[in-house]
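Analysis of the macromolecular model
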Amino acid sequence: MRLEDAIAPVRAAFADDDAVWLVGGAVRDVLLGRPLVDWDLVTTGDAEATARAYAARSGAPVFPLSERHGAWRVVGEEHEVDITGAPDGITADLVRRDLTVNAIAVRLADGELLAVPGALDDIEARTLRAVTDHAFADDPLRLLRLVRLATELDLEVDPETASLARRDAGRAAEPAGERQCAELERILRSRDPVDGFRRLDDLGLLAVVLPELKALEGIEQNRYHHLDVLDHTLQVLDSAIDLMEHPEFAFGPAAPAVAEALTVELDAGSDVALAVRWGALLHDVAKPQTRTVFDDGHVGFPGHAVQGAAVAESILGRLRCSTALQRCVAVLVREHLRLGFLVPDGELDPRAVHRYRVATEPFGIASVLVSLADRWSTRGTRARQRWIRRHEQLAAAMALALTEPALPPLLRGDDLAEALGIEPGPELGRLLALIAEEQAAGTVTTADEAIAFARTAPEED
């Protein structure tokens, strides 16, 4: 589609204002053959007045986006329209931008195209090039944005720009955690996030923004693994994404339930699918500090899943990710080994399903997915194909079992406390949990049986 055709709706909306320009990513995307989704506008006039006038015409709400930069947003049904002031003129605005492909503008009144030198050539060559040698120093968030754009848009980073990024890489953690998180999550949600994280590493950004992940590099594992922990982690991320995109190949009849479980929203900005990506990326994050060489020479990582859950929460907390996302990822990291421990048993029984459900709820299916991705990515000299096959069968069976709702409790806690003559507290909770497991196993089916079981239940070790 030609540029003038693609931007026709936005031109029509502002055709009577020769101070308004469509700029940056909006123009870039159209020139790259991508759809024009949101409208990024710059005006050499009054940004607030322009925004309020458009909001009045369209009947959409308007609010200030950044008082410091004089930016306003109008939220329409089909488009978000951001309008920023350029008191020094459009040319000065373009020169202050990060990358040449973002330093292009179209005046809506007459279609005049304005760009920094080389911008259109870089669009043609699909190259990301810094506008100035201080582009990243001016705003260190641009370091992460560089990788995000390269990953999302499948563009190459100009070698000189890569050198500038390496020079300024130490500043990548300066922006607010939530701004870092937003860029990292867009990389995680991209078509091939493994490429994105390798780019982060190549530019020296991984060690600055996610030093815990960089610390996995060079950590040798045992003979069940064929990769060090960092490469294994990226392999698990790739496997998890493939499972999410094609659940039918691994989960059979449970595939629709797996797909549905991934769409569950954790909060306004994240869902279980995003948590699975984070969980895959951080599942072995505590291996460096737990690596142990035993007397027989065997290498192990005792406690790395439990410690890893705490480390993952710390990382996501530092990045100001939501509490709901942190909790979900912590479950996925803490329990990523649990399904594998069932592989030697071969078949699932109701008791095993119940224990897995309790340990992972409400993210049991997501946990199964991370576990299988981990198994797929573990192919050292001691790994055996039959174990991988059994793990696949177990994952499909567990996912299918988890689609069935848990049985409703046979009795309430206060009823059990009254029957046993005990006070509410940890012991009551323990007995209720034991009853729930026996109910799942089918050995206790009524409230009277549950009370009788509780009277003779073994004491806690």
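Provided above is the structure to which this section pertains.
The following paragraphs examine the structure supplied in this document. Source: prediction; values computed, not measured.

A count of helical and extended segments in the protein gives 27 helices and 13 strands. Along the first, second and third principal axes, the C-alpha set of the protein runs to 85 × 55 × 40 Å. Each of the 461 residues in the protein was classed as buried or not, and the buried ones make up 49%. The contacts in the protein between residues at least 6 apart in sequence include a share of 66% that link residues at least 24 apart. Roughly 21,900 Å² of accessible area belongs to the protein as shown, and the carbon and sulfur atoms make up 50% of that amount. Placing the 48 positive and 77 negative side-chain charges of the protein at their respective mean positions leaves the two points 4 Å apart.

A separate point is the sheet that holds strand E1 (residues 20-23). What the seven strands build is an open sheet, ordered E3-E4-E5-E2-E1-E6-E7; its pairing is mixed. Single-partner strands in this sheet number two, and they are strand E3 (62-66) and strand E7 (113-115). If you compare each strand with its neighbour and ignore which way they point, the axes differ by 30 degrees on average. Bridge count for strand E2 (residues 39-43) against strand E5 (residues 80-85) is five bridges, and the pairing is parallel. Bridging from a neighbouring strand, Leu41 pairs with Ile83 of E5. Each of E1, E2, E3, strand E4 (71-75) and E5 is contacted by helix H4 (residues 47-58), which is oriented at about 5 degrees to E4, the strand it contacts most.

On to a positive patch on the surface, then. Judged by side-chain charge, Arg223, Arg382, Arg386, Arg389 and Arg390 come together as a positively charged surface patch. With respect to the secondary-structure elements, Arg386 resides in helix H24 (residues 385-402). When its relative accessible area of 40% is taken as the criterion, Arg386 is described as partly exposed.

In this section: the pattern of salt bridges. A complete count under the given rule lists 33 salt bridges for this structure. Between Arg179 and Asp139 there is a salt bridge whose closest N-O contact spans 4.0 Å. In this pair, Arg179 is assigned in helix H10 (residues 177-188) and Asp139 in the loop between helix H7 (135-138) and helix H8 (141-153), connecting sequence segments 40 residues apart. Arg338 is the salt-bridge partner of Glu335, the closest N and O atoms lying 2.6 Å from each other.

Cut-off values and rules
- Residues numbered from 1 in each chain as written.
- Predicted model: local features only at pLDDT ≥ 70, side-chain atom pairs only at ≥ 80, totals over all residues.
- Heavy atoms only, no water.
- Helix = DSSP H or I, 4+ residues; strand = E, 2+ residues; numbered from the N terminus.
- Buried < 20%, exposed > 50% of the residue type's maximum accessible area, 1.4 Å probe, protein only.
- Contact = heavy atoms within 4.5 Å.
- Areas by Shrake-Rupley, 256 points an atom, 1.4 Å probe, with all protein chains shown as cover.
- Lys, Arg positive; Asp, Glu negative; His and termini not counted.
- Charge placed at Lys NZ, Arg CZ, Asp CG, Glu CD.
- Pairing = 2+ DSSP bridges.
- Axes fitted to C-alpha atoms, helices over the stretch in contact; angles between N-to-C directions.
- Patch = residues over 30% accessible without salt bridge, like charges linked within 9 Å, V, L, I, M, F, W, Y side chains within 5 Å.
- Salt bridge = Lys/Arg side-chain N within 4 Å of Asp/Glu carboxyl O.

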